[in-house]
Amino acid sequence: MDISVIIPLFNEEESLPELYAWIERVMKAHKYTFEVIFVNDGSTDTSWEVIERLSNESEHVKAIKFRRNYGKSPALYCGFKQAQGDVVITMDADLQDSPDEIPALYSMIMEDGYDLVSGYKQKRYDPLSKTIPTKLFNATARKISGIKNLHDFNCGLKAYRRDVVKNIEVYGEMHRYIPYLAKNAGFDKIGEKVVHHQARKYGKSKFGLNRFFNGYLDLITLWFLSNFGKKPMHVFGFLGTIMFLIGFVSAFALGVDKLWCLAHGIPQRLVTDSPYFFIALTMMMIGTQLFLAGFVGDLISRSSSARNDYQIEEEIRCGD
């Protein structure tokens, strides 16, 4: 099969028939073999009934229905598991992503050799309250991930080589960072294509400003896991050691100063009357806790079933 199109959706009953007809028209015009996988993320409208009708009318429609709303990442995860196409395309169900972009995205994967191609909505029809935070978010993501050529990490329109979606795990709200997940899995041929962004035709946006705050927290988590996920002692142990040493040296200096004053008959207050003593003691305690956190994290990491989970691209055996 050439292409799998995965469409996560929540309450998009009006747009689904038009979107599927558009996809089918593009696929047949280019003679692609394809499947369209709708993932109904707990919709409370008649979206599922619309999907059932589409599946009865076309053999290319597959669908997954969640019992409740879980979010976009779980929807994509389940869609990725079902996908059979050589190229996997993801797009939103609100008609803001154009299916006319599919042939070019397919070509960039199959002919140009990209592992992943992300859409870039250079000209957007969103309000400033959404576009300005998006620009700040993407700038931060580029800096932390090291993927300098992407301008829109969160664009729903993306194309993947099938190996990519079968070897990454999208969870929580990590759908924003799929290019980063792919890079960490060894798929570093990541490209970008300017795509057409259409104004929303039906309904209203399902996303609020809280997603930007959550997005930054997820980015920090992903950065830490990608750098120290299998070696937590390297960060916690290092920070703990530094804090303990600073606290110990400070407390030792206070003690030396007290002894020197006593030896020379200089009146000196008790060491425990100095606020620096308690600051030093606190740093030693925090340093010890950080060190132990790194040690425990290392023990957990070593006992994890994924501790030797490495991405192997090819293998040659004797006699092959």
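Rules of the game
- Residues numbered from 1 in each chain as written.
- Predicted model: local features only at pLDDT ≥ 70, side-chain atom pairs only at ≥ 80, totals over all residues.
- Heavy atoms only, no water.
- Buried < 20%, exposed > 50% of the residue type's maximum accessible area, 1.4 Å probe, protein only.
- Helix = DSSP H or I, 4+ residues; strand = E, 2+ residues; numbered from the N terminus.
- Pairing = 2+ DSSP bridges.
- Arc of directions from axis to C-beta.
- Contact = heavy atoms within 4.5 Å.
- Salt bridge = Lys/Arg side-chain N within 4 Å of Asp/Glu carboxyl O.
- Core = buried A, V, L, I, M, F, W, Y, C linked by side-chain atoms within 4.5 Å.
- Phe/Tyr/Trp six-rings, centres within 6.5 Å; stacked < 30°, edge-to-face > 60°.

Q: Summarise the pairing of strand β2 (residues 34-40); cite the residues concerned and give the values.
A: A large share of β2 lies buried, amounting to seven of its seven residues. The alternating pattern of β2 places F34, V36, F38 and N40 on one face and E35, I37 and V39 on the opposite face, and all of these are buried. With seven bridges connecting them, strand β1 (residues 3-9) and β2 associate as parallel partners. Residue pairing in the sheet places I6 in a bridge with I37 of β2. Across five bridges, β2 lies against strand β3 (residues 61-65) in parallel orientation. Bridged to N40 within β3 is K65.

Q: Describe helix α2 (residues 47-57), with residues and values.
A: Those residues of α2 that fall on the buried side of the exposure criterion are S47, W48, V50, I51 and L54. Relative to the axis of α2, the buried residues are bounded by an arc of 155 degrees and lie together on one face. More than 90 degrees from the buried face of α2, the exposed residues found are N56 and E57. On the buried face of α2, the contacting elements are β1, α1 (16-29), β2 and β3.

Q: Lay out the pattern of salt bridges in plain terms, naming residues and giving numbers.
A: Following the criterion strictly, the structure yields eight salt bridges and no others. Put simply, D86 and R162 hold a salt bridge, and the shortest N to O gap is 3.9 Å. Of the two residues, D86 sits in the loop between α3 (72-82) and β4 (87-90) while R162 sits in helix α6 (residues 162-166), which places them 76 residues apart along the sequence.

Q: Got a sec to walk through the environment of L292? Specific residues and values, please.
A: Within the secondary structure, L292 sits in helix α10 (residues 275-303). Note on L292: relative accessible area 47%, which makes it partly exposed. For L292 and G237, which are 55 residues apart along the polypeptide, the C-alpha to C-alpha distance reads 7.5 Å.

Q: Before we move on, could you go through unusual backbone geometry and cite the residues and values that matter?
A: Although it is not a glycine, N11 adopts a positive phi angle of roughly 55 degrees. Turning to its location among the elements, N11 is positioned in the loop between β1 and α1.

Q: Let's hear about the nonpolar core: which residues, and what values?
A: Formed by 35 residues in total, the largest nonpolar core has its most connected members in I3, V5, I7, F38, I89 and M91. Taken together, the elements giving at least two residues each to this core come down to β1, α1, β2, α2, β4 and α4 (102-110). For this core, the element with the most residues is α1, which contributes seven residues. The contacts of I89, once residues within four sequence positions are left out, are I3, S4, V5, I6, I102, L105, L157, K158 and A159. The next biggest cluster of nonpolar side chains, apart from the first, holds 32 residues, and it includes L76, L150, F153 and I178.

Q: Give me the packing of aromatic side chains: which residues, what numbers.
A: What the rule picks out here adds up to seven aromatic pairs. Measuring from ring centre to ring centre gives 5.5 Å for F80 and Y160, while their planes differ by 70 degrees; the resulting arrangement is edge-to-face. Of this pair, F80 sits in helix α3 while Y160 sits in strand β6 (residues 158-161), and the two are 80 residues apart along the sequence. Taken as a pair, F80 and Y160 share a single burial class, namely buried. Grouped by ring-pair contacts, the aromatic residues F244, F248 and F252 constitute a single cluster.

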